[in-house]
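Coordinate inspection notes
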Amino acid sequence: MPSARLVVEVARAEGLGASGRDRVTMLLAPHPGAEPRPIQKGASGGELSRIMLAIEVALADDSVPTMVFDEVDAGVGGAAAIEIGRRLARLAERCQVIVVTHLAQVAAFAESQVRVEKGTDGRITASQVAPVEGDDRLAELARMLSGTASETALAHARELLDDARGTRAVADNGPGVG
């Protein structure tokens, strides 16, 4: 959402209420030419998640130990997905971040990754969670990218992991290192 504008309006309410005296409204103009509208009326679920991510990254401190994001990457791909992954990784430097994603571009930035699979025996549906590490992680990212672990998909997954690790190394060691 590179051209989005978030407007925060603060108005003084009559008297002191349960949530204070000020009434705060957040308005979103998701693209140039759009009029700012209250986010609860004009933002999609994916836009709401990305706004929440941006606010949490800006305001994060040690007082919130864990943040959970579901669909923070809905409706995006390519460079936008990589940037979401990068920002989530930056946020994870300050607290535990749990992200549900279907995008390899976001998953590549995770320090650890698990796969969630749902299955049924015809009577009972159950979910299983399993960590993916090493070559299994590379294969999982390839599967997320193309549905298979072809050589091309594996090469792309390796490139995503290398780029994400390079970003973490720069963040961990300072500019110019990594």
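Before reading further, recall that the structure is shown in the block above.
Since we're looking at a predicted model, the values are computed, not measured. (Residues numbered from 1 in each chain as written. Predicted model: local features only at pLDDT ≥ 70, side-chain atom pairs only at ≥ 80, totals over all residues. Heavy atoms only, no water.)

Let us look at the nonpolar core. Judged by nonpolar contacts, the single largest core of 15 residues is most densely connected at Ala108 and Leu141. Mapped by element, the contributors of at least two residues to this core are α4 (104-107), α5 (134-146) and α6 (151-173). When residues of this core are assigned to their parent elements, the largest contribution, six residues, is made by α6. Counting residues in each nonpolar core, the second largest holds twelve residues, with Ala81, Leu88, Leu103 and Val106 among its members. (Core = buried A, V, L, I, M, F, W, Y, C linked by side-chain atoms within 4.5 Å. Buried < 20%, exposed > 50% of the residue type's maximum accessible area, 1.4 Å probe, protein only. Helix = DSSP H or I, 4+ residues; strand = E, 2+ residues; numbered from the N terminus.)

Take the pairing of strand β1 (residues 5-17) next. When β1 meets strand β2 (residues 20-29), the two strands line up antiparallel, connected through nine bridges. From the neighbouring strand, Val7 faces β2, where its bridge partner is Leu27. Connecting β1 to the antiparallel partner β2 that follows it, the hairpin turn spans two residues. (Pairing = 2+ DSSP bridges.)

Empty space within the second largest pocket amounts to approximately 420 Å³. As for the second largest pocket, its lining consists of 17 residues, and the residues nearest its centre are Met1, Pro2, Arg50, Ala54 and Arg87. Ranked by residues supplied to the lining of the second largest pocket, first place goes to helix α2 (residues 45-59) with six residues. Of the residues assigned to the lining of the second largest pocket, the class counts are 13 nonpolar, no polar and four charged. (1 Å grid on protein atoms, 1.4 Å probe; cavity = no way out; pocket = protein on both sides within 12 Å on 5 of 7 lines; lining within 4 Å. Points joined across faces, edges and corners; volume = space filled by probe spheres on them. Nonpolar A, V, L, I, M, F, W, Y, C, P; charged D, E, K, R; others polar.)

Once that is clear, we can look at the sheet that holds β1. Taken together, three strands build an open sheet; the order of strands is β1-β2-β3 and the sheet is antiparallel. In this open sheet, the two strands that pair with only one neighbour each are β1 and β3 (37-38).

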